[in-house]
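A look at the structure
Residues per chain, in single letters:
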Amino acid sequence: MKKSATKKVVLAYSGGLDTSAIIPWLKENYGGCEVYALVANVGQDPSELKDVEKKAKASGAVACKVVDLREEFVKDYVYPVLKTGALYEGTYYLGTSMARPIIAKAQVEYALEVGADTLCHGATGKGNDQVRFETTYTALAPHLKVIAPWREWDLRSREALIDYLKVRKIPTTATVEKIYSRDENAWHISTEGGVLESTWNQANADCWAWTVAPEDAPNKPELVTIGIEKGEVISVNGKKLSPYNCVATLNKIGAKHGVGRVDIIENRLVGIKSRGCYETPGGTIMMTALRGLEQLILDRDSFKWREQLGLEMAYVVYDGRWFAPYRRSLQAAADVLAEDMTGEVVVKLYKGSATAVQKKSPNSLYSEEFATFGEDEVYDHSHAGGFIRLFSLSSRIRALNAEKKKQPTKKANKVEAKVDAKKNS
């Protein structure tokens, strides 16, 4: 039955098999509605964008708009999260999670531009992306309707999608042999499916798209100097670059050393566990540099607070709550801590590892005079005794109270002992 309430739909379009099939499906199932395709360039392989407008129109789209979001993505989404140190479940650098809100925002903006009444995405009903897209839609344009084909249609396999397009004489380069599901942007590339669906299978060479295997990386380490200003990477090896170009440059450097690989099983928001191989070479170098610099600059309580911010931010971003007040409040706190985060860090890359080996900052709290194990004239060791006495005061009082509670028992035991002694005599 036709659903005639929808007149104009803006689809988050990639040019892949799923979204190519969604365009004709929307027109057939929603009363011949007009479909506008929005393609977001967030740093994926340029081959994915080749002839993408032509593809969209061949599938039945009225128009296709390609927007270059690479700089905005890194500057306004990646860098803020980096300041918090967020890693989902301790390992995932949130590459897909950070990209979805900016894509959905661009989609909303295009919908308002063309006067659309509906938004559509190609995320499946099993994944996190459906939540990320729709949470953003709700935050920015709650009046727009949402269509999620994977929750409605009966096309359940790659073969079915290819046959669907073939019947309608819509060209596609997709084949049934595709093994892996991949998502790529300026920050990372993820690989899922295929051999990875069994947790007992080791990831093979095909599971990695950007990085060389660490054992095949150069035998000579490479040192990379990272310039940082207020918690943001601004230069690589002394050369000032835009945020996107800092990431792109470090991706190339890190990839050849096998840096940034993780093979993880994560907890999806919808309750399913999934396995993925993620590659984030540039991001791993940046994170290493930032965390190394904060060791110089943040005091103990500030460091602990930054860690807590990172933990919370990881879940907020993973869950797609980018435009929520809670995310903004976490970000505001991280921005305050990043005010003094300026300096340089040298990161050593070798066989898959990235290690901060040199650090300096005009705001460093590290003092060689105080920290030395040699003789110094700035620290009086005798002062530590008073500090320890005050620091452990509550423990002392607790122990004294416990002793007092034992006193009656001790007295009673002494009396009983005397009575027993008299009886025995």
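Check the entry above for the structure.
Summarised in this report is the structure supplied together with it.

Here is what the cut-offs are and how they apply
Residues numbered from 1 in each chain as written. Predicted model: local features only at pLDDT ≥ 70, side-chain atom pairs only at ≥ 80, totals over all residues. Heavy atoms only, no water. Helix = DSSP H or I, 4+ residues; strand = E, 2+ residues; numbered from the N terminus. Contact = heavy atoms within 4.5 Å. 1 Å grid on protein atoms, 1.4 Å probe; cavity = no way out; pocket = protein on both sides within 12 Å on 5 of 7 lines; lining within 4 Å. Points joined across faces, edges and corners; volume = space filled by probe spheres on them. Nonpolar A, V, L, I, M, F, W, Y, C, P; charged D, E, K, R; others polar. Pairing = 2+ DSSP bridges. Buried < 20%, exposed > 50% of the residue type's maximum accessible area, 1.4 Å probe, protein only.

What about the environment of Arg 151?
Assignment of secondary structure puts Arg 151 in the loop between β5 (145-147) and α6 (158-167). Along the chain, Arg 151 and Gly 122 lie 29 residues apart, while their C-alpha atoms are 9.7 Å from each other. In this structure, Arg 151 is in contact with His 121, Gly 125, Gln 130 and Glu 134, ignoring residues within four places of it in sequence.

Some details on empty space enclosed by the protein
Going through the model one piece at a time under the given rule, you end up with two cavities of 30 Å³ or more. Space inside the largest cavity adds up to approximately 50 Å³. Broken down by secondary-structure element, the contributors of at least two residues to the lining of the largest cavity are α8 (281-297) and α10 (325-337). Partitioned by chemical class, the residues of the lining of the largest cavity number five nonpolar, no polar and four charged.

Brief notes about the sheet that holds strand β14 (residues 353-360)
Read across the open sheet, the five strands follow the order β10-β9-β8-β13-β14; overall the sheet is antiparallel. Unpaired on one side and paired on the other, β10 (239-240) and β14 mark the two borders of the sheet. Here strand β9 (residues 232-236) pairs with β10 via two bridges, running antiparallel. From the neighbouring strand, Ser 235 faces β10, where its bridge partner is Lys 240.

Some points on the pairing of strand β11 (residues 261-267)
Of the two faces of β11, the one holding Val 262, Ile 264 and Glu 266 is buried and the one holding Arg 261, Asp 263, Ile 265 and Asn 267 is not buried anywhere. Two elements, β11 and strand β12 (residues 273-279), share seven bridges in a ladder whose sense is antiparallel. Across the sheet, Asp 263 pairs through a bridge with Cys 277, a residue of β12. Taken together, β11 and the strand that follows it, β12, pair antiparallel across an intervening segment of five residues, in which Gly 271 is found at a positive phi of about 105°.

A word on the pairing of strand β8 (residues 222-229)
With seven bridges joining them, β8 and strand β13 (residues 343-350) adopt antiparallel strand pairing. Each bridged residue has a counterpart across the sheet, and for Val 224 the counterpart in β13 is Val 347. Pairing analysis gives four bridges linking β8 to β9, with the strands arranged antiparallel. Looking across to β9, one finds that Ile 228 is bridged to Val 233. Hairpin connection, β8 to β9: the antiparallel pair is bridged by two residues, and Lys 230 has positive phi, about 50°.

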